[in-house]
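# Coordinates in review
Below, each chain spelled out in residue letters.
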Amino acid sequence: SGSDLTPGTIMVQLLNDTGQLIESADVMYDIFYLNNEERGNTLNFEFSTDGVNFTAVSLLDFTTPEASDNLGWQSVNRMVTLTDLGLAPGQFLTLNFLTDDALGGGSRDEFGVDNIMVTVTDVVVPEPGTATLLGLAAAGVLGWRRRRRA
């Protein structure tokens, strides 16, 4: 409603181009806000590995105070580790920052999201032994079938 991004979504999509399965990642960012109006506004975080099903992370929820102040632009830091991602190579990790009205009335406070950093903390690297065992098993089955036909 209106042009104030309320309710609204700021979306960031990141492509897994590591060539490996990503299991976890640290997400860090700064929220900048100007609390100059008599209304509290929210900036909340959710993520998705398929772009359809999103998981809210309430630990990162932020609401500006309802009462205005004269402190100018302020900032808060946010950080979380996302686990059990199962993000395959070529797949996107979508980060959404959701804005809305929360408290009071009148004009809205201003927001900015900056310094977004995503650091991969756990990838699944296939063990060379696993591939070798699978190859040996396949060769053994083929050899057994050939011997049986003879």
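Residues numbered from 1 in each chain as written. Predicted model: local features only at pLDDT ≥ 70, side-chain atom pairs only at ≥ 80, totals over all residues. Heavy atoms only, no water.

## Focus: the side chain of Thr 64
Take Thr 64: it is sitting in the loop between strand E5 (62-63) and strand E6 (73-82). Residue class for Thr 64 comes out buried when judged on its relative accessible area of 1%. In this structure the side chain of Thr 64 is engaged in a polar contact, spanning 2.8 Å, whose partner is the backbone nitrogen of Asn 41. One polar contact links Thr 64 to Asp 109, side chain to side chain, over a distance of 2.7 Å. If near-sequence neighbours (up to four positions away) are discounted, Thr 64 is found in contact with Tyr 33, Asn 35, Arg 39, Gly 40, Asn 41, Asp 109 and Phe 111. (Helix = DSSP H or I, 4+ residues; strand = E, 2+ residues; numbered from the N terminus. Buried < 20%, exposed > 50% of the residue type's maximum accessible area, 1.4 Å probe, protein only. Polar contact = N/O pair within 3.5 Å; in protein donor to acceptor, adjacent residues only side chain to side chain. Contact = heavy atoms within 4.5 Å.)

## Some points on the environment of Glu 66
By secondary structure assignment, the location of Glu 66 is in the loop between E5 and E6. The residues contacting Glu 66, other than those within four sequence positions of it, are Glu 37, Glu 38, Arg 39, Gly 40, Leu 103 and Gly 104.

## Remarks on a nonpolar patch on the surface
There is a patch of nonpolar side chains on the surface, built from Leu 14, Ile 116 and Val 118 and spanning about 190 Å² of accessible area. Checked against the element boundaries, Leu 14 lands in strand E1 (residues 8-15). Assessed through its relative accessible area of 30%, Leu 14 is described here as partly exposed. (Patch = residues over 30% accessible without salt bridge, like charges linked within 9 Å, V, L, I, M, F, W, Y side chains within 5 Å. Areas by Shrake-Rupley, 256 points an atom, 1.4 Å probe, with all protein chains shown as cover. Salt bridge = Lys/Arg side-chain N within 4 Å of Asp/Glu carboxyl O.)

## With respect to the sheet that holds strand E2 (residues 21-34)
Taken together, three strands build an open sheet; the order of strands is E6-E2-E8 and the sheet is antiparallel. Two strands lie at the open edges of the sheet, namely E6 and strand E8 (110-124), each paired on one side alone. The average undirected angle you get between the axes of adjacent strands in this sheet is 15°. Relative to E6, E2 runs antiparallel, the two being bridged by 10 bridges. In the strand pairing of E6, Asp 26 is matched with Thr 81. (Pairing = 2+ DSSP bridges. Axes fitted to C-alpha atoms, helices over the stretch in contact; angles between N-to-C directions.)

## Here we look at the confidence of the model for the protein
Across the protein, the average pLDDT comes to 85, with 81% of residues at or above 70. Summarising per-element confidence for the protein, the mean pLDDT is lowest in helix H1 (residues 128-149) (50) and highest in strand E4 (residues 55-56) (97). (pLDDT = per-residue confidence, 0-100.)

## Concerning the side chain of Glu 46
Within the secondary structure, Glu 46 sits in strand E3 (residues 39-48). We note that Glu 46 is buried and unpaired, the nearest opposite charge coming from Arg 78 at a distance of 15 Å. With near-sequence residues (within four places) excluded, Glu 46 lies in contact with Phe 54, Thr 55, Ala 56, Thr 94, Leu 95, Asn 96 and Leu 98. (Lys, Arg positive; Asp, Glu negative; His and termini not counted.)

## Topic: unusual backbone geometry
With phi around 55°, Asp 84 is a residue other than glycine that occupies positive phi space. The class of Asp 84 is exposed, set by a relative accessible area of 68%. With phi around 55°, Asn 115 is a residue other than glycine that occupies positive phi space.

## With respect to the pairing of strand E7 (residues 92-104)
Of the pairings in the sheet, the one linking E1 to E7 comprises eight bridges and is antiparallel in character. Directly across from Ile 10, in E7, lies its bridge partner Phe 97. In terms of strand pairing, E3 meets E7 through 10 bridges, oriented antiparallel. Each bridged residue has a counterpart across the sheet, and for Phe 45 the counterpart in E7 is Phe 97.

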